[in-house]
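# Structural characterization, general
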Amino acid sequence: MTQFQFPPRSTRGSIMGFSAGQIGTAVAGVICLVVAANLLATGRQGAAGGMLLAALLLLTVGLLRLRGRRVTEWAPIVAGALAQRAARQDRYRGGAFAATPGSTHLHLPGPAAGYRWLPAVAADGLTEVGLLHHRRENTVTASLLCAGSNLVLADTTVQQQRLAAWADVLNLLGTEYADSGLARWALTARAVPDSGNRAQRYLVQKAVDTDTRAYRSLAELTAAAAPSTQRHEVYLSVVFDTKKLSAEITDAGGTDAAIATVVLDKLGGVQAAVAEAGVDTVGWLTPREYAAVLRTQFDPEDQPHVDMRASTTPGVAPHMAGPIAAENIGWSSYRHDSGFSQSLWVYEMPRQPVAMTWMTALFTRTVGRRAVTIIAEPVPAQLAQLATRRDKVARAGDEITKRKMRLVRTAREDDEARSVEQVDREQAAGHVRYRYAIVVTVTAESDEQLRHDVRAIKRVLGRTGCQAVVLYGEQDQGFIAGALPLARGLKPMRGWLA
């Protein structure tokens, strides 16, 4: 049976496992100790005590880890959250007043502000495709609704075949399409209450003989399951960089229509590749369908109404996709229209070997409204090789330094060194290196219910071997990354750093 073993999260810093921030803080603490000693020698005991306290505080901050991060890593987050509150940018108001019928601008809060709808029609000349164009970031985003079959119930051979086919898709997205403008992609799996009870509707529509005991039994079963049934939806969101596509866009005319034409051509290839991997696809979301997903994530109470209109007027008007109001509640939750949400970042993957279906429990053994998003960004081959070489040189330097200083080398450091070698071998074999993040967003109708659902999700994550942390001070950004199929949430690559 095929198993996976994820490499440990790197703990290596600039020097012997310490980051530059930690080293700077520790040096400042030592300086404060020296100053305190000099003040004490001159008889200034009060000032010496103050400097001693400052030294202890700096050394503690420099060496301590809190909730999966170094304290020095929390500093910019806290500073950013405080600045956001001081500027009153931690709340959003006026979605209904800002939205204008027929407007192409999409009113979303926080980091998602700046999107607008880009008119696009598929090759059949009838079907609209929802393209979100971010002019400032020079990106175009689209989302593909997938409907794959159950992997858990399949034979091991079928599971391995599907896994190999999906690996080919990942390599294709990270090579051919990355060279053709693909900036990043994301898989968003959301679970929402099935207010329309699709099983019951299917039975009513497809049943031939409704007088049998079998029909009555199934009707009673589906009707009884209505309050607890859930609908699972999977979206593959792709983001294209219009800068990389500038030559093709210019050849096509350089207008918005040219951008749409070029991107639609790429989307057709992506959908075909996904279908060849054995994943059934429903199609790229239309503007109304895309707006419905965004709207119901912001306003869960609107989900039944949207589902009821599916047979007559599917979706939501594109200009109404955003929330009416949204704001951060404290440091650990986000309130948006009729929902309360909390986002968790999975910062450590399972350390023990896991099976192909190791995330099944996260999707099937939890209740409530939730979204699990994997955001991935392919690293260019040359940059990936440089990053691997830099990691190998740094590991070798740390090993030599510790040997000279006769310091203990831990088993985790050995695992991290082996993972660097493994990544190097995989890249040499032609596999694509990815930067990725996993964000889980839990939504409930009340703050109390939210805490209950989050505890359940944490238990499931713990059983799967994952370690997650609440995105304190970043809940608005966490919701955009984890709950919405926009493929956001990764820190941009700067220069030669991957």
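Described in the following lines is the structure provided in the data block. Not measured: the values here are computed from a predicted model. (Residues numbered from 1 in each chain as written. Predicted model: local features only at pLDDT ≥ 70, side-chain atom pairs only at ≥ 80, totals over all residues. Heavy atoms only, no water.)

### Looking at the pairing of strand β7 (residues 139-146)
Operational definition: Whether a residue is buried, partly exposed or exposed follows from its accessible area with a 1.4 Å probe, protein chains only, as a fraction of its type maximum: under 20%, in between, or over 50%, in that order. We count a stretch as a helix when DSSP gives it H or I for four or more residues in a row; a strand needs E for two or more, and each element gets its number in order from the N terminus. Whether two strands pair depends on DSSP finding at least two bridges between them.
By the criterion of burial, β7 is predominantly enclosed, with eight of the eight residues buried. Across the two faces of β7 the burial is the same, with T139, T141, S143 and L145 and V140, A142, L144 and C146 all buried. With three bridges joining them, strand β6 (residues 131-134) and β7 adopt antiparallel strand pairing. From the neighbouring strand, H133 faces β7, where its bridge partner is V140. Between β6 and the antiparallel strand that follows it, β7, lie four residues; N138 among them carries a positive phi value of about 55°.

### As for a nonpolar patch on the surface
Operational definition: Exposure above 30% relative accessible area and the absence of a salt bridge qualify a residue for a patch, where like charges join within 9 Å and nonpolar side chains (Val, Leu, Ile, Met, Phe, Trp, Tyr) within 5 Å. Working definition of accessibility: Shrake-Rupley area with a 1.4 Å probe, residue cover restricted to the visible protein chains. Basic side-chain nitrogens of Lys or Arg form a salt bridge, by our definition, when they fall within 4 Å of a carboxyl oxygen of Asp or Glu.
Taken together, the side chains of L33, L52, L53 and L56 present a nonpolar region at the surface, about 350 Å² in accessible area. Considering every element that reaches the nonpolar patch, the biggest residue donor is helix α2 (residues 45-63), with three residues. Mapping L52 onto the fold places it in helix α2.

### Observations regarding the side chain of S143
This is how it is decided: What qualifies as a polar contact is a pair of N or O atoms within 3.5 Å, subject to a donor-acceptor requirement within protein and to the restriction that residues adjacent in sequence count only when both atoms come from side chains. Whether two residues touch is decided by their heavy atoms; if any such pair falls within 4.5 Å, the residues are in contact.
The residue S143 is located in strand β7 in this model. Of the polar contacts made by the side chain of S143, one reaches the side chain of S237; its length is 3.3 Å. In this structure, S143 is in contact with Y235, L236, S237, G283, W284, L285, Y290 and P485, ignoring residues within four places of it in sequence.

### Brief notes about the pairing of strand β13 (residues 339-348)
In terms of residue burial, β13 counts as a mostly covered element, since ten of its ten residues are buried. Bridge count between strand β12 (residues 333-336) and β13: three bridges; the pairing is antiparallel. When the bridges of β13 are listed, H336 appears paired with G339. Between β12 and the antiparallel strand that follows it, β13, lie two residues; D337 among them carries a positive phi value of about 50°. Relative to strand β16 (residues 434-444), β13 runs antiparallel, the two sharing six bridges. Along β16, the bridge assignment pairs W345 with V439.

### Regarding the pattern of salt bridges
The full count for this structure, using the stated rule, is 24 salt bridges. Note that D256 is salt-bridged to R116, the shortest N-O span being 2.8 Å. Of the two residues, D256 is situated in helix α10 (residues 256-276) and R116 in strand β5 (residues 115-118); the sequence distance between them amounts to 140 residues. Look at R116 and you get buried, because its relative accessible area is 12%. When the shortest N-O distance is used, the salt bridge between D415 and R418 registers 2.2 Å. With D415 and R418 both in helix α15 (residues 411-428) and three residues apart, this pair spans about one turn of that helix. Members of the salt-bridge network, linked through shared partners, are R190, R231, E233 and D307.

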